[in-house]
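In case you want the letters, here they are:
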Amino acid sequence: MTKTEVLKKLAEQLDLTQADTEKLYDSFVDGATTLLAMNKGFTLPGLGSFHSEVRAEHRSYNPHYKQMMMIPPKKVVHFNQSSTLKAEINEENDEQ
Amino acid sequence: MSNKVTYAEIIEALSRTTGFSKQKSEAFAKALIAEVKAELQETGKASITNFGSFKVKEVAERQGQNPQTGEPITIPAHKRVTFTPYKALREEVNAKYAHLESELIGEKKGKPATKSGAASAIFEEEKLPDPDLETDDVVKEEPKSFKRKEHARGNNTGLIMVAVLVLVIVGLASAWFLLRTDDPAQTAMNASAETEASSQNEITAKQEPVSEKKASPQNPELAGQTSSETAKDGNIYQVKEDEWYWVISRNAYGKAHFWPLIFEANFNRDTHPDSLETGTLLKIPALSGTSDNLTAEDYARLASGAALVSSAYENFGKLDKAKEYARYADKWNRNSQ
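Parameters and conventions
Residues numbered from 1 in each chain as written. Chains lettered and ligands numbered in written order. Predicted model: local features only at pLDDT ≥ 70, side-chain atom pairs only at ≥ 80, totals over all residues. Heavy atoms only, no water. Salt bridge = Lys/Arg side-chain N within 4 Å of Asp/Glu carboxyl O. Helix = DSSP H or I, 4+ residues; strand = E, 2+ residues; numbered from the N terminus. Buried < 20%, exposed > 50% of the residue type's maximum accessible area, 1.4 Å probe, protein only. Pairing = 2+ DSSP bridges. Expected span 1.5 Å × (residues − 1). Arc of directions from axis to C-beta. Contact = heavy atoms within 4.5 Å. Axes fitted to C-alpha atoms, helices over the stretch in contact; angles between N-to-C directions.

> What's the story with the pattern of salt bridges in this structure? I'm lost.
Using the criterion set out here, one finds 6 salt bridges over all chains in the structure. A salt bridge links Lys3(A) to Asp26(A); the shortest N-O distance between them is 2.9 Å. Of this pair, Lys3(A) sits in helix H1 (residues 3-14) while Asp26(A) is found in helix H2 (residues 18-37), placing the two residues 23 residues apart along the sequence. Look at Lys3(A) and you get buried, because its relative accessible area is 17%. Take Asp26(A): its relative accessible area is 33%, and that puts it in the partly exposed class. A salt bridge links Lys37(B) to Glu88(A), with the nearest nitrogen and oxygen atoms 3.3 Å apart.

Set out below in structure tokens:
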């Protein structure tokens, strides 16, 4: 589903114009990105929690050069599914 | 946890930045979450533009252990939702470390390094990266002369390790110049370069280690000097164990990606670019400019080198790499015009 489709649907549900919905959407994503960049985690109820972590520098084997490489530290985003989402997803699994 | 932000705070911030009421903002967040969930249930995939995508993944049954009692249990097959951040988010989050790159350690699994001391020292340094010290002042210093750089020496901790290498090469080069030329200006310049390098060497002991990434951009002038002088020697280089073109190229020119020059000077398209025998004697061609200030002629040669590498890769069926180097060739070709 594209962003436009999502915006259209949300705008209908919320009784807002699509432009307003887009403004909300963009600042929501922007805010979430900024939070993660600032090392702040957050939880979206019913969906899961996000946080960022520094993956430490480590040695790893590069098969192309057949040598060990030193991989520099990197900050990555982690997601943890919420227990409700887990239950819902697996419930659907059982029904099938 | 202190570094967590509550949902209420997010909603409040959202309503502050957009000017909508908190109720509206919350309704939006709820609707968005509901949308993602519904899509996950339906298609097993969902995405939030510019943020990331969610995917339902099947997890196979596996054997586990009860962490309290240690007794083995079977974890049944189940589904879980995974999240993949999009590029915009990844880059924003990783901005602080973005300038770091993977480095070749020059050892096979578990085997000790066989490379030159300077190179391995650099890799050790990288264990203490300092991303906060950005390269701002570095950029400013680039165009300055040797003398100006000497004033800034105190801050330029990054120069030190490269300086050890440079000292050796500049020393050799100036000796060569003294023998070959009577030009006093040239001789003086080399002599000053040498003294400067030795002063750097003295500082080495006192300075704390810094990341190599910091070091290399700070030293373009020195590196350039090195490359032009060693290159003029028409160097013949003997390949050490586990060395690749780009390691040699970095030592010779200060830039790993100039290796097609070396390849072109020594081989043709029937040589596999990924194979390099230990002990091979390589001609290291000279640059007519410096590695940071290439002339059109250099660009043209880089382009033809990259084109050769590309066709060699194509010859050996590595089409991905062939394409990649064809792109390099294009780029350098444009630069040469």
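There is more to say, and it comes next.
> Could you clarify how one ought to interpret the sheet that holds strand E4 (residues 67-71) of chain A in this entry?
What holds strands together in a sheet is hydrogen bonding between their backbones, with the strands either parallel or antiparallel. Read across the open sheet, the 3 strands follow the order E3(A)-E4(A)-E7(B); overall the sheet is antiparallel. One side of each edge strand has no neighbouring strand; the edge strands of this open sheet are strand E3 (58-62) of chain A together with strand E7 (103-104) of chain B. As judged from the 5 bridges shared by E3(A) and E4(A), these two strands associate in the antiparallel manner. Looking at the pairing, Ser60(A) lines up with Met69(A) of E4(A).

> So what exactly am I meant to see when it comes to helix H14 (residues 319-336) of chain B here?
Given 3.6 residues to a turn, an α-helix orients residues that are three or four positions apart in the same direction. Residues and elements named next belong to chain B. End to end, H14 covers 25 Å across 18 residues, agreeing with the expected 26 Å (1.5 Å per residue, within 8%). Every buried residue belonging to H14 is among Lys321, Ala322, Tyr325, Ala329, Trp332 and Ser336, and all of these are buried. One side of H14 carries all its buried residues, which in axial view fall inside an arc of 100 degrees. Facing away from the buried side of H14 by more than 90 degrees, the exposed set consists of Leu319, Asp320, Lys323, Arg327 and Arg334. Against helix H12 (259-266) and helix H13 (296-315) lie the buried residues of H14.

> Sorry, what's going on with the environment of Ala8(B) here?
If you trace the backbone, Ala8(B) turns up in helix H1 (residues 7-18). In this structure Ala8(B) comes out as exposed when scored by relative accessible area, which is 54%.

> Even after reading the chapter, I still don't get the environment of Lys9(A), so can you show me in this structure?
Position of Lys9(A) relative to the elements: it lies in helix H1. Separated by 12 residues in the primary sequence, Lys9(A) and Thr21(A) have C-alpha atoms spaced 9.8 Å apart. If sequence neighbours within four positions are ignored, Lys9(A) has contacts with Met1(A) and Glu35(B).

> Looking at this structure, how should I read the sheet that holds strand E1 (residues 41-44) of chain A?
In space, the 4 strands of this open sheet follow the order E5(A)-E2(A)-E1(A)-E1(B), with mixed pairing throughout. Each edge of the open sheet is held by one strand with a lone partner, namely strand E5 (74-81) of chain A together with strand E1 (4-5) of chain B. Pairing between E1(A) and strand E2 (residues 48-55) of chain A: 3 bridges, direction antiparallel. From the neighbouring strand, Phe42(A) faces E2(A), where its bridge partner is Phe50(A). Packing of H2(A) onto the sheet brings it into contact with E1, E2 and E5 of chain A together with E1 of chain B, and relative to E1(A) it is tilted by some 140 degrees.

> Looking at this structure, how should I read the pairing of E1(A)?
Sheet topology places E1(A) next to E1(B); 2 bridges connect them, and they run parallel. Within the sheet, the bridge partner assigned to Phe42(A) lies in E1(B) and is Val5(B). Count of turn residues in the E1(A)/E2(A) antiparallel hairpin: 3 residues, of which Gly46(A) carries a positive phi of about 85 degrees.

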